[in-house]
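So you can see what is in the structure, the chains are spelled out below.
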Amino acid sequence: MSSFRIPPALKAVFNSFPLLIIPDDPLPAGCPRPSPEAPALYVFTTPEDAARGNPSFNPSCLKWQTYLKFCGINYRIVPSNNHASPSRALPFLVTAGTVASTLPSNHLGKWARLNGNAPKEISAENPQVQAFLSLVNSQLRDAWLYALFLEPNNFYNLSSVHYRSTVASVVNIFLSHQMQSAATQELLQARPGGVISADDIYADAESAVSALSTVLGDDEWFFGGKEPGLFDATLFGYLHLILTLKWDEKEAGLVRAVKKHENLVGHEERIRMKMYPNAPKPSAWVWVEGS
Amino acid sequence: MASSMSPEDDVFDRLKRNVDPKVVQAREDAVRGRVRAQYDRAQRTLAKLIDENSTLPVSISEIRIEGARHTRKGFLEKVVAPALSSRREGSYTLASALEELHGRTNVLHQFGIFHPSISIYLDNTAFSTPTKTDLRALLTVSEMSRFMLKTGTDLGSAEGTGYINGTYRNVFGGAESLNASASVGTRTRSAFDANFQSPIAANPDIIAEAGAYASSRSHKHLASYEEALKGGRLGVKWRSGGDVHEAGFAGVWRQVTGLSEDASVSVRADAGDSVKNALNYTFIRDRRDNPLVPRSGYLYKHSSELAGWAGLGGDVAFARTEIEAQGAAMIPGTSMSVTAGLRGGLLYPLSLGLGDTKTGPKPSRINDRFQLGGPTDVRGFREHGLGGKDGEDSVGGDVYLAGGASILFPLPRLSADKPLRIQAFVNGGRLVGLQGIGGTEAGSGVNVGVANAVRMMTRQLPSIAVGVGVMYAHPVARFELNFCLPIVARQGEGARKGLQFGVGMNYL
């Protein structure tokens with residue numbers, strides 16, 4: 001019992017509008033045109049380094065940047081910042097094709113294994129791998145955060161320059177404070193006592209680096225792999241940056257700790273030579289031990 | 001003593017007795033009538049006196065202002081002193097002296113710090129001579145309350161907000177005002193604004209302004225992002241011959257953040273921080289009889305912004321201009337009116353910085369581009385529905401042109417002064433983005449891009465819609481309910497067939 005029905009003739013007239021449909025205009029120049037072939041990995045980097053395919057200056061971006069290369073995936077690098085990411089943190093990936101999907105970093109491993117030739121490696125669930133992964137993600141990461149965000153000269157010379165998002169100095173001062181307090185918060189989370197001691201942090205990192213060096217031994221890749229895998233990429237994310245950044249001489253505890261272990265320096269070099277031939281090389285500074 | 005008491009007792013007794021209210025009423029009326037008659041007589045006498053003596057030569061040697069407790073003497077002096085005979089050339093007649101004093105009180109009213117009830121009282125001074133009367137003027141003012149606090153709610157076509165607004169008038173006794181407001185809403189998540197205004201040289205037509213604001217707004221109705229703004233502005237506003245000019249400098253830190261899960265790459269590309277430092281200028285000439293539903297007159301408005309140019313700094317550099325014109329007229333011999341309007345805008349990218357740090361023009365960002373479409377500009381299309389889309393996101397454009405014409409007539413059997421009208425309209429618009437900006441070829445790219453955009457706009461039909469509807473003009477906003485039919489549309493544009501509801505102040 002429909003009480004009111006639009007006469008079919010009227011409906012046909014109504015449906016004929018708009019009378020003329022014109023194809024869409026191209027989007028403004030600022031809108032990126034996704035490539036139909038190559039997916040895009042959004043990382044912290046400069047436009048120049050992105051064009052050269054150089055490593056990102058952020059360890060977690062560099063990890064995925066490197067792992068995707070291990071998987072033989074051809075991708076583009078897009079300079080970006082955390083605001084752009086679906087997970088509020090870089091990196092993330094936009095797949096190729098007309099119906100592009102956006103993947104935060106916790107989906108990248110699975111996606112890379114499905115879409116590339118993932119290296120054969122020991123399972124990440126292995127307790128040994130888990131233990132060493134947590135060394136990297138806690139002790140090494142904490143020392144990295146401390147060295148870059150809480151050491152005043154390093155922060156001023158490196159982080160505040162790398163993570164600068166605007167040319168306006170007033171805004172940068174404000175954002176610098178935000179970054180430093182975020183780093184402090186991160187460090188305090190693992191330290192319920194509320195004390196951040198530089199000596200403890202560096203000592204912990206030093207023993208973590210020693211343990212990593214020991215487990216690598218004379219092998220080419222970690223855990224006896226025939227080719228580099230996700231763990232190698234994770235560690236490279238830190239080692240490459242620790243070895244190549246222009247640290248302040250008084251605040252260079254991390255690079256000193258790594259340089260003591262030739263096999264780790266060699267690990268960084270093997271990946272860099274193969275994957276990033278244009279990347280900066282470790283600085284040739286020589287520290288006189290004990291001075 | 002006792003004898004003298006008795007008549008008084010009588011008076012009280014008489015008063016205590018119940019009196020017929022009608023009699024009291026009649027008595028009061030009679031008293032009021034007598035007072036009014038006396039006042040009228042005084043006014044008539046005064047008018048006659050002034051009339052008879054309008055050519056009487058007078059001088060004003062003293063002006064006294066009473067009741068201005070919080071207003072600076074120097075400020076008041078600047079306003080009224082020009083009326084003193086010692087400060088002017090030429091002499092007064094009584095009529096011109098009164099006219100001058102009225103003029104001065106009008107200026108006082110314009111500052112908005114006095115109640116509109118300033119009274120003028122004139123008196124002879126001892127300096128009067130038989131040939132010239134010297135006057136002393138007494139202006140009695142009453143100051144408005146200095147603090148005002150207002151809370152309320154606003155409802156728009158797609159937005160509801162609650163606000164609190166505080167005003168501190170006459171802060172330093174020179175008609176300066178401090179205004180602070182805070183609001184929360186559906187689209188405007190939160191907004192704070194503090195604004196200080198002061199007339200320059202005690203002239204109510206020139207106002208200097210300084211302000212600061214912070215806001216967080218959702219733009220998800222047009223594209224998948226939110227924007228947090230923190231900024232400040234400095235400016236001057238002046239009126240001359242009925243036109244309004246505004247010029248100033250503004251700096252704002254914008255943060256494009258809070259992206260939706262399915263945000264397009266176009267939005268992701270512009271996410272993050274950017275600072276815009278810009279000089280701006282706006283000109284408004286509004287000669288319409290009524291800005292909401294004009295029936296005669298015209299409006300011309302243009303606003304320009306120069307961002308990041310030369311040493312201004314910031315992260316974006318462009319010149320952005322918008323022009324709006326509207327005209328209205330009655331059809332002779334009928335109660336129908338016709339309104340026609342045209343709007344256009346151009347965002348022209350510029351080089352950023354100076355000397356060695358100079359970089360070539362860059363493509364515009366989503367938060368700087370124009371948006372077009374919707375019930376208050378191009379009806380028959382969704383809000384911000386015109387122009388390019390990346391997925392669900394309206395990315396806006398750098399060049400636009402929109403025009404429309406409406407004919408309005410009163411509803412049958414309703415008089416023309418009722419705020420209801422039937423309207424029929426045709427409107428259209430075109431919004432395009434510049435191409436090839438920021439490429440390797442520097443400099444010339446922008447001009448080529450603009451030329452190509454203009455060619456695109458002129459060679460192809462704009463998106464067009466027609467419709468009929470009902471319009472209701474409420475004192476604060478104009479409401480419209482239209483039945484729209486898009487005639488020409490682009491594929492991805494939000495053409496809206498059927499009923500469309502609009503609320504707004506500023507229609508095309």
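Per chain, residues are indexed from 1 in the order of the written sequence. Chains carry letters and ligands carry numbers; both start at the beginning, A for chains and 1 for ligands, and go up in the order they are written. Per-residue local features of the predicted model are confined to residues with pLDDT of at least 70, and side-chain atom pairs are confined, for both listing and counting, to 80 or more; whole-chain, interface and lining totals are unaffected and use all residues. With hydrogens and water set aside, each side-chain value is computed from the structure's full complement of heavy atoms.

This next bit is on the overall build of chain A. For helices the rule is a DSSP run of H or I covering at least 4 residues; for strands it is a run of E covering at least 2, with both sets numbered from the N terminus onward. Within chain A one finds 11 helices and five strands. For the C-alpha atoms alone, the extent of chain A along its principal axes is close to 95 × 50 × 45 Å. Using a 1.4 Å probe on the protein chains alone, a residue whose accessible area is under 20% of its type maximum counts as buried, one over 50% counts as exposed, and one in between counts as partly exposed. A buried classification covers 47% of the 291 residues belonging to chain A. A separation threshold of at least 6 residues defines the contact pool for chain A, and within that pool the share at least 24 residues apart is 71%. His residues and chain termini do not enter the charge count, which takes Lys and Arg as positive and Asp and Glu as negative. Where a charge lies is defined by one atom per residue type: Lys uses NZ, Arg uses CZ, Asp uses CG and Glu uses CD. Counting 24 positive and 26 negative side-chain charges, chain A places the averaged centre of each group 9 Å from the other. Two residues form a contact once any of their heavy atoms are found within 4.5 Å.

UniProt positions are given in the numbering used here, feature names are shortened, and annotations may be inferred rather than shown by experiment. Mapped onto the present numbering, the UniProt feature "domain: Metaxin glutathione S-transferase" (unreviewed entry) falls at residues 205-271 of chain A. Counted over residues 205-271 of chain A, helix gives 66% and strand 0%. Its end C-alpha atoms are 22 Å apart.

Aromatic ring pairs are defined here through the distance separating the ring centres and the angle between the ring planes. For Phe, Tyr and Trp, where Trp contributes only its six-membered ring, two rings pair if their centres lie within 6.5 Å, and the inter-plane angle classes them as stacked under 30 degrees, edge-to-face over 60, or tilted in between. Scanning the entire structure with this criterion turns up 24 aromatic pairs over all chains. Between F57(A) and Y163(A) the ring centres are 5.2 Å apart and the planes differ by 90 degrees, which places this aromatic pair in the edge-to-face class. Of the two residues, F57(A) sits in the loop between α2 (47-52) and α3 (59-70) while Y163(A) sits in the loop between α6 (152-162) and α7 (169-189), which places them 106 residues apart along the sequence. Overall, the relative accessible area of 10% leaves F57(A) in the buried class. Take Y163(A): its relative accessible area is 19%, and that puts it in the buried class. Relative to F501(B), the ring of F479(B) has its centre 6.4 Å away and its plane inclined at 35 degrees; by these criteria the two rings are tilted. Taken together, the residues F479(B) in strand β21 (residues 478-490) and F501(B) in strand β22 (residues 498-504) connect sequence positions 22 residues apart. Taken together through their ring pairs, the aromatic side chains of F44(A), F57(A), F149(A), F155(A) and Y163(A) make up a single cluster.

Okay, the sheet that holds strand β5 (residues 102-104) of chain A next. Residue and element names in this part refer to chain A. A pair of strands is labelled paired if DSSP reports no fewer than 2 bridges between them. As summarised here, the arrangement of the four strands in space is β3-β2-β4-β5, forming an open sheet in which the pairing is mixed. Both edges of this open sheet fall to β3 (76-79) and β5, since each of them pairs with a single strand only. Neighbour to neighbour, the strand axes of the sheet diverge by 25 degrees on average, direction disregarded. Two elements, strand β4 (residues 92-94) and β5, share three bridges in a ladder whose sense is antiparallel. Counted as the bridge partner of L93 is L103 from β5. Only the stretch in contact is used when a helix axis is fitted, and all axes are lines through C-alpha atoms; the angle between N-to-C directions ranges over 0 to 180 degrees. Sheet strands touched by α3: β2 (40-43), β3 and β4. Its angle to β2, the strand with the most contacts, is close to 160 degrees.

Of note, the amide linkage connecting F17(A) to P18(A) takes the cis form, showing an omega dihedral of -10 degrees. As for its placement among the helices and strands, P18(A) is situated in the loop between α1 (8-15) and β1 (20-22). For the bond from L90(A) to P91(A), the omega torsion is 0 degrees, close enough to zero to count as cis. Secondary-structure assignment places P91(A) in the loop between β3 and β4. Positive phi, normally seen in glycine, also occurs at R88(A), with a value near 65 degrees. Considering the arrangement of structural elements, one finds R88(A) in the loop between β3 and β4. The phi angle at H384(B) is positive, at roughly 55 degrees, despite the residue not being glycine.

Looking now at a nonpolar patch on the surface. Here a patch means residues that are over 30% exposed by relative accessible area and free of salt bridges, tied together within 9 Å if like-charged and within 5 Å if nonpolar (Val, Leu, Ile, Met, Phe, Trp, Tyr). Computed with a 1.4 Å probe, the accessible areas rest on the Shrake-Rupley method; for each residue, only the protein chains presented here act as cover. We count a salt bridge whenever a side-chain nitrogen from Lys or Arg sits within 4 Å of a carboxyl oxygen from Asp or Glu. A grouping of V468(B), L481(B), F483(B), L499(B) and F501(B) is seen on the molecular surface, where their side chains present a nonpolar patch of about 470 Å² in accessible area. Of all the secondary structure elements, the ones that give two or more residues to the nonpolar patch are β21 and β22 of chain B.

A separate point is the nonpolar core. Definition of nonpolar core: a set of buried residues of the types Ala, Val, Leu, Ile, Met, Phe, Trp, Tyr and Cys, connected through side-chain atoms within 4.5 Å. Counting residues in each nonpolar core, the largest one holds 86 residues, and the members touching the most others are W144(A), F222(A), I242(A), W247(A) and L254(A). Here this core gets 12 residues from one element, more than from any other, and that element is helix α5 (residues 127-150) of chain A. Sequence-distant contacts of W144(A), that is, excluding residues within four places in its chain, are made with F57(A), P59(A), Y238(A), L241(A), I242(A), L245(A), W247(A) and L254(A). Among the nonpolar cores identified, the runner-up in size contains 27 residues, and V58(B), A68(B), L76(B) and L98(B) belong to it.

Next up on the list: the pairing of strand β18 (residues 399-410) of chain B. In summary, the side chains of a regular strand alternate between the two faces of the sheet. Residues and elements named next belong to chain B. Sheet topology places strand β15 (residues 337-349) next to β18; 10 bridges connect them, and they run antiparallel. When the sheet's bridge partners are listed, R343 is paired in β18 with A402. Of the pairings in the sheet, the one linking β18 to strand β19 (residues 420-432) comprises 12 bridges and is antiparallel in character. Note on β19: the bridge partner recorded for V399 is V432.

All names here are of chain B. Inspection of every chain in the model, using the stated rule, returns 30 salt bridges over all chains. As a salt-bridge pair, D29 and R32 come within 3.5 Å of each other at their nearest N and O atoms. Residue D29 and its partner R32 are located together in helix α2 (residues 21-52), separated by three residues, close to a single helical turn. Residues E480 and R379 are paired through a salt bridge, measuring 2.8 Å at the closest nitrogen-oxygen approach. One end of the pair, E480, is in strand β21; the other, R379, is in the loop between β15 and β16 (389-390), and 101 residues separate them in sequence. E480 sits in the buried class, given a relative accessible area of 2%.

A separate point is the interface of chain A and chain B. The interface of chain A with chain B comprises 37 residues on the first partner and 49 residues on the second. The quantity reported as buried area is the accessible area (1.4 Å probe) lost by two parts once they are put together, taken as the sum for both. Buried area between chain A and chain B, summed over both chains or domains, comes out near 3,400 Å², and the portion from carbon and sulfur atoms is 62%. Linking chain A with chain B are two salt bridges. Under the rule applied, a polar contact is a pair of N or O atoms within 3.5 Å (in protein, one hydrogen donor and one hydrogen acceptor; residues adjacent in sequence only if both atoms are side-chain atoms). Our count for the contact surface shared by chain A and chain B stands at 20 residue pairs in polar contact (both at pLDDT 80 or more). At the level of secondary structure, the elements contributing two or more residues to the side of chain A that touches chain B comprise α1, β1, β4 and α7 of chain A.

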